[in-house]
Structures are given as structure tokens and as C-alpha cells.
Protein chains: 2
Amino acid sequence: MPKLEPYDKRADYSYCLGLYPCHALLDSRPGAVQRLLLHPDGLGSEGVEKLRGRCAELGVREEMAERVLKRESKKDNCFAALVFEKYQLALDPEADHAVFCQISDGGNLGTACRAAVGFGYRNLAVVRPCVDVFDPHVLRASMGAFFRLNARVYDSFDEYRAEFPERETCPFMLDGSVPLNDAARNAGHPHTLVFGNEAAGLPAVFRTYGQSVRIPQSDEIDSLNLAVAASIAMYTFKNING
Amino acid sequence: MPKLEPYDKRADYSYCLGLYPCHALLDSRPGAVQRLLLHPDGLGSEGVEKLRGRCAELGVREEMAERVLKRESKKDNCFAALVFEKYQLALDPEADHAVFCQISDGGNLGTACRAAVGFGYRNLAVVRPCVDVFDPHVLRASMGAFFRLNARVYDSFDEYRAEFPERETCPFMLDGSVPLNDAARNAGHPHTLVFGNEAAGLPAVFRTYGQSVRIPQSDEIDSLNLAVAASIAMYTFKNING
């Protein structure tokens, strides 16, 4: 087996750290899993043994890798990780989509992935330049939810639009023309929610792609955190009539 | 003037880092401000000069403190900070409250503060053991929103309840008995929303304090991020009828 290098966004493999995320990866993308890394202090615990059993069934090789676990997690108590091959998936054209443009913070993207799975947005596009979606710390912030998504990285929003023309598109902007609840009440399917960069938001041209949406909020804050704004939007679109 | 020490939660002063948070502090708690710290590279920029002007009007002493700014922000491009005296405020008994019990992550608390101000929950209780609310990184995650809140730290939820007995209380729990939209539609004022620790949530005893509320979500995630859950709750309570 090749030596495991420190995580590199150019490599074709990444690390899934922690028990809960590892189970999510095994549930959703078992074919991508290459190796199980274990810490001696975790052996015998119920969670680790369950993971070992699932890997054994799949024929995934296990190995003691305390040093690699510590290096990748930057913690002493990370007891298990999976090495897996990076993948690209196609988005379902019949499903609602969430699109994240030029997200710079990995924690925000991971947190938004969690909410996306939680509220049934299983198809997620990420537009460059953006944080590396396979960075172990993004995956960890998602608590493994990333693996349950059809996620695809696009070089531009135009590339996404070329693949999915004529969808109902809702760009979220601080000065959007329609308040969230109205937009959610009137939305059809399949629709696409679009969110911009943490600092800059979406450029003005996005107004031409669909009716822009605002989340009503006090002008005593500059804006909401991006993951918070996206999560409120996804919750409301799925629950406004519930 | 005394030497500025590295931030210490036991000290009676803290640091407010960055222009936007500094303006929020000057807007809301000008009497707490003690010193303005400046970086030579920031002099002449519009934002910094505006801050200097406001401090001069208030008689706040300014000083060059490049080293302190770098140390506290861990960044090279933090151009201004305010040193301020820590304070405790009383919560408004007539207003709706948000209570955060045993929050361990400062980023979560700061992010939730931003949403709390954004959605009009201006009275916030924090129950120990919890992250230090005056930690500069919590204040920064709030983008200064913390300063716009009436925030108070309690040793226990019982201490909070003793001060505010017989309020309508909505504890948020993964297996809460009422879905969020129904709880929000039926809520009176003043009410109290209660959120628990990131990993453990609220203990079962909180069911006896009021009707527990759940945010409907797929069982394919372990839970939502805490700041996300609290923000969705606050948004929905304030906007369900809008």
C-alpha cells in the first residue's frame, strides 16, 4: 500500500475522520472506501468495532495509523478514519438544488451540507473559486452529511446553468426583491436556491436569473452567517406550508 | 496606562477586533470603551479614520499597538481594536428571550448572537458551564452583534428561571413534542426559547419547563449545527405569520 501523505487537495484520495462521518461514508459511497485507519486506544469500543465489522464485510483493509490520525485530525482522540477515493457525482435534474458560489470557509460549507441533507436538498452544486469540498475539515464539519449528497463542483455558475437551463432560480441577496416566506410559498419544483460568497454575496447579474430573495433581518447586523442564511432558506422552502 | 496582557477570561477587560465590531461596540456600549488600538498600515483608510474620529469625540485614548493586534487577532491585517471593560446587563422581563445552555463552541455562540440581533431577540441568557462570552473570538464571530444584546451569564438554568418565573418556555429538543412551525404559530409573548449543548442537547428535565419543540429534519443527519438550529428557530418564531 502506498504511504499516506498529508492531505493534499490535488491528491485523488482524502480522509474521512471520526466514527459518525465514517458510517455515513460507508452507507452512501462504500465503493469509494480504500482503507480503514485505527488508533490503538479506540480498539474494543463499540463504535470502532462496528466500523471494523462493516469494513471487513466490504473487504476494506485495516491498519494501525495513530500518527496519521493525529496529523490529519490535529487531535489526540480521533480513533478512526477512512481513506477514500474522491468522486464527482451528477446532479438529479428532477430534484431541487442548492448552489453555493465562491464559498471561502470550509466550516460554512460543511455546516450547510448538514442542513441540506436535513431538509432534503440532496443535490448540491459548488461553484469555483471555492474551498476544497474534499478537505477533511469540511467533511468533518458536515458530520459526514457531504457523503449523502449528490455534490458536483462547477467552474462557473454559467456552466451549471448550461447543464440545467430554464429552472426556477432563487438567488439570495441582502436586497432581494421578495421576502423569503413569499418566495417559498410560491416556489415550484424543481427549483434552485443560490447563495453567494460570505463577504461579497452574489453579484448583481444574478437578479437576471430569477426573482431575488431576501431574508428579513435587522439592519443592525451586517448580514447573517452564510451557513445560517442558507439553512433558514432551505428549512423555509421545505416547511412553509407545513 | 497598564500593559495590555494576552486575553484572559479572568481579566476585567477584553478586546474588540476589527472595524465593524468596533463600530457596534461604540454604538451600543460607548461607556465601556477604554482604548483604541491601531495598526500603522491601517492609518488613512476611511474605516479607520472614522473610528478614530468617533473615539476622539468620546475622549478615548488611541495608541499604536501593532504587536497586540497581531497577538490577539492571530492575523497580520487586523487594523483596529478597542479595549473595553467587561459588563453584565439585565434582561428585559417584557421581551422575548433566547437562552443558550452549556454552549461549548465560541463560533456557534457568536454566530447565534448575529442571528439573535437579526431577528429581534435582543435579550440573551447564557448558562454555565459555557464558552467565555467575552472571548475576542466569540465577539468577532458575532461581528459585534454581541454588543447590541442584553446578555447575561447565569450559573444555572434554575437561576434564570428564578428571575423569570412563569414565562412561556420552549425547550428545543431533537425529539421535541411539537414541530417548530406549530410552536411558532401558537407562541405568545414574552416567550423564552431554550437551546442546549452541541453534543448532548438539553436534559430530559427541560420537558417539564414547557412544550418541547423539534425542528423537522431527516434522520440521515445526527442533528443540525447548534447555531443553525437556533437561527432557524428564531427566524420562524418571528416570521411564521409574515
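Residues numbered from 1 in each chain as written. Chains lettered and ligands numbered in written order. Predicted model: local features only at pLDDT ≥ 70, side-chain atom pairs only at ≥ 80, totals over all residues. Heavy atoms only, no water.

Undergrad: Honestly, the interface of chain A and chain B in this entry has me stumped. Any pointers?
TA: How large an interface is tends to be reported as the accessible area lost when its parts come together. Across the boundary between the two partners, chain A contributes 33 residues, which contact 33 residues of chain B. Both sides of the chain A and chain B interface together cover about 2700 Å² of buried area, and 53% of this is carbon and sulfur. It is Arg114, Glu220 and Tyr235 of chain A that lose the most area in chain A upon contact with chain B, and together they represent 23% of the buried surface on that side. One salt bridge in this structure joins arginine 148 of chain A and glutamate 220 of chain B, with 3.7 Å as the shortest N-O distance. Taken together, the connections running from chain A to chain B amount to 16 residue pairs in polar contact (both at pLDDT 80 or more). Within the residue set of the side of chain A that touches chain B, elements represented by two or more residues are α4 (106-118), α7 (180-186) and α8 (226-239) of chain A. The element best represented in the side of chain A that touches chain B is α8 of chain A, accounting for seven residues. (Contact = heavy atoms within 4.5 Å. Buried area = accessible area lost by both parts, 1.4 Å probe. Salt bridge = Lys/Arg side-chain N within 4 Å of Asp/Glu carboxyl O. Polar contact = N/O pair within 3.5 Å; in protein donor to acceptor, adjacent residues only side chain to side chain. Helix = DSSP H or I, 4+ residues; strand = E, 2+ residues; numbered from the N terminus.)

Undergrad: What is the right way to read the pairing of strand β5 (residues 97-101) of chain B from this model?
TA: Regular strands have side chains that alternate between both faces of the sheet. Residues and elements named next belong to chain B. Of all five residues in β5, five are buried; the element is thus mostly enclosed. Side-chain alternation along β5 places His97, Val99 and Cys101 on one buried face and Ala98 and Phe100 on a second face that is also buried. The pairing of β5 with strand β6 (residues 123-127) spans five bridges and is parallel. Note on β6: the bridge partner recorded for cysteine 101 is valine 127. Crossover connection from β5 via helix α4 (residues 106-118) to parallel β6: handedness right-handed. Here four bridges tie β5 to strand β10 (residues 191-195), and the two strands are oriented parallel to one another. (Buried < 20%, exposed > 50% of the residue type's maximum accessible area, 1.4 Å probe, protein only. Pairing = 2+ DSSP bridges. Right-handed = clockwise from strand over helix to strand, strands pointing away.)

Undergrad: How do you make sense of the nonpolar core when you look at a structure like this?
TA: Across soluble globular proteins, nonpolar side chains have a tendency to be buried as a group. Counting 152 residues, the largest nonpolar core has Phe172 and Phe237 of chain A together with Phe172 and Phe237 of chain B as its most contacted members. Ignoring sequence-local partners within four residues, the contact set of phenylalanine 237 of chain A consists of Tyr121, Cys170, Phe172, Leu180, Ala183, Ala184, Ala187, His191 and Leu193 of chain A. (Core = buried A, V, L, I, M, F, W, Y, C linked by side-chain atoms within 4.5 Å.)

Undergrad: Would you mind going over the side chain of histidine 39 of chain B with me for this structure?
TA: With respect to the element layout, histidine 39 of chain B can be found in the loop between β2 (33-38) and α2 (46-58). Setting aside anything within four residues of it in sequence, one finds histidine 39 of chain B in contact with Met64, Glu66, Leu69, Asp76, Cys78 and Phe79 of chain B.

Undergrad: Sorry if this is basic, but what is going on with the relation of the copies chain A and chain B here?
TA: Copies of the same chain, two in number, are related to each other by a rotation about an axis and a translation along it. When chain A is fitted to chain B, the residual RMSD is 0.0 Å, and the transformation amounts to a turn of 180° plus an axial shift of 0.0 Å. Seen this way, the second copy is the image of the first under a two-fold rotation axis. Residue by residue, 100% of the interface of chain A is reproduced at the interface of chain B, so both copies engage with the same surface. (Least-squares fit on C-alpha atoms with pLDDT ≥ 70 in both.)

Undergrad: Help me understand the packing of helix α1 (residues 19-28) of chain B against α2 of chain B, please; the structure alone is not making it clear to me.
TA: Axis angle and axis distance: for two packed helices, these are the angle between their axes and the distance between the axes, and together they describe the pair. Residues and elements named next belong to chain B. With their axes 10 Å apart at the nearest point, α1 and α2 run at an angle of 25° to one another. By the criterion of interaxial angle, the relationship of α1 to α2 is roughly parallel. When you trace α1 past α2, the crossing you get is left-handed. Residues Leu19, Cys22, His23, Leu26 and Asp27 of α1 lie in contact with α2, whose contacting residues are Gly47, Val48, Lys50, Leu51, Arg54, Cys55 and Leu58. A class-by-class count of the residues in the contact of α1 with α2 yields seven nonpolar, two polar and three charged. (Axes fitted to C-alpha atoms, helices over the stretch in contact; angles between N-to-C directions. Parallel < 35°, antiparallel > 145°, perpendicular 65-115°, else oblique. Left-handed = near helix turned anticlockwise from the far one by under 90°. Nonpolar A, V, L, I, M, F, W, Y, C, P; charged D, E, K, R; others polar.)

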